[in-house]
Amino acid sequence: MAQPERPLSPFMQYRWLYSNTLSILHRLTGILLSAGFLLLIYWLVAAARRPESYERALSCLASIPMQVVLAGVLWSWCYHFLNGVRHLCWDVGIGFERRVARLSCWAVAIASLALAVVLWLVLHGGFGDVA
């Protein structure tokens with residue numbers, strides 16, 4: 001008797017679930033964080049070179065398109081961090097119940113946006129002399 005084909009990965013269900021979305025988003029934010037790491041390297045190398053290189057890097061990173069990218073990288077870090085904590089809880093057996101899993105899903109999504117906005121404001125001096 002032939003066995004039916006099965007998905008290659010546990011998050012690939014036949015029905016779309018919230019857990020699919022969070023799993024895929026966790027992987028995508030990891031990729032975006034790698035791209036953000038390259039921007040950090042660019043900034044550090046420019047700082048180590050001539051002052052003109054650093055000024056050029058600052059003007060590039062201060063442009064509107066790069067600010068959008070940096071905001072995305074910041075949100076990616078917040079989401080990846082909070083969802084990673086969620087996965088650590090799962091590793092010790094906490095939060096597998098359907099209701100708790102759904103609540104933690106929404107908590108990660110909302111908290112990552114809120115944390116990203118707060119960090120963005122702090123880093124850009126939106127709270128006065130905090131940073």
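Residues numbered from 1 in each chain as written. Predicted model: local features only at pLDDT ≥ 70, side-chain atom pairs only at ≥ 80, totals over all residues. Heavy atoms only, no water.

A few points about the confidence of the model for the chain
Part 1 of the reasoning: For the chain, per-residue confidence averages 87 on the pLDDT scale, and 85% of positions sit at 70 or higher.
Part 2 of the reasoning: The secondary structure element of the chain with the lowest average pLDDT is helix α1 (residues 18-48), at 91, and the one with the highest is helix α2 (residues 51-61), at 95. (pLDDT = per-residue confidence, 0-100. Helix = DSSP H or I, 4+ residues; strand = E, 2+ residues; numbered from the N terminus.)

Remarks on α1
Part 1 of the reasoning: Look at α1: 44 Å from first C-alpha to last across 31 residues, which is about the 45 Å you get at 1.5 Å a residue.
Part 2 of the reasoning: Taken together, the buried positions of α1 are Asn-20, Leu-22, Ser-23, His-26, Thr-29, Gly-36 and Ala-46.
Part 3 of the reasoning: Packed against the buried residues of α1 are α2, α3 (64-91) and α4 (98-123). (Expected span 1.5 Å × (residues − 1). Buried < 20%, exposed > 50% of the residue type's maximum accessible area, 1.4 Å probe, protein only. Contact = heavy atoms within 4.5 Å.)

Quick word on the packing of aromatic side chains
Part 1 of the reasoning: Scanning the entire structure with this criterion turns up four aromatic pairs.
Part 2 of the reasoning: A centroid spacing of 6.4 Å and a plane angle of 45° characterise the contact between Trp-43 and Tyr-54, whose relative ring orientation is tilted. Placement of Trp-43 in helix α1 and of Tyr-54 in helix α2 is noted, with a sequence separation of eleven residues between them.
Part 3 of the reasoning: With a centroid separation of 5.4 Å and 5° between ring planes, the pair formed by Trp-77 and Phe-81 is classed as stacked. Of this pair, Trp-77 and Phe-81 both sit in helix α3, four residues apart, which is roughly one turn of that helix. (Phe/Tyr/Trp six-rings, centres within 6.5 Å; stacked < 30°, edge-to-face > 60°.)

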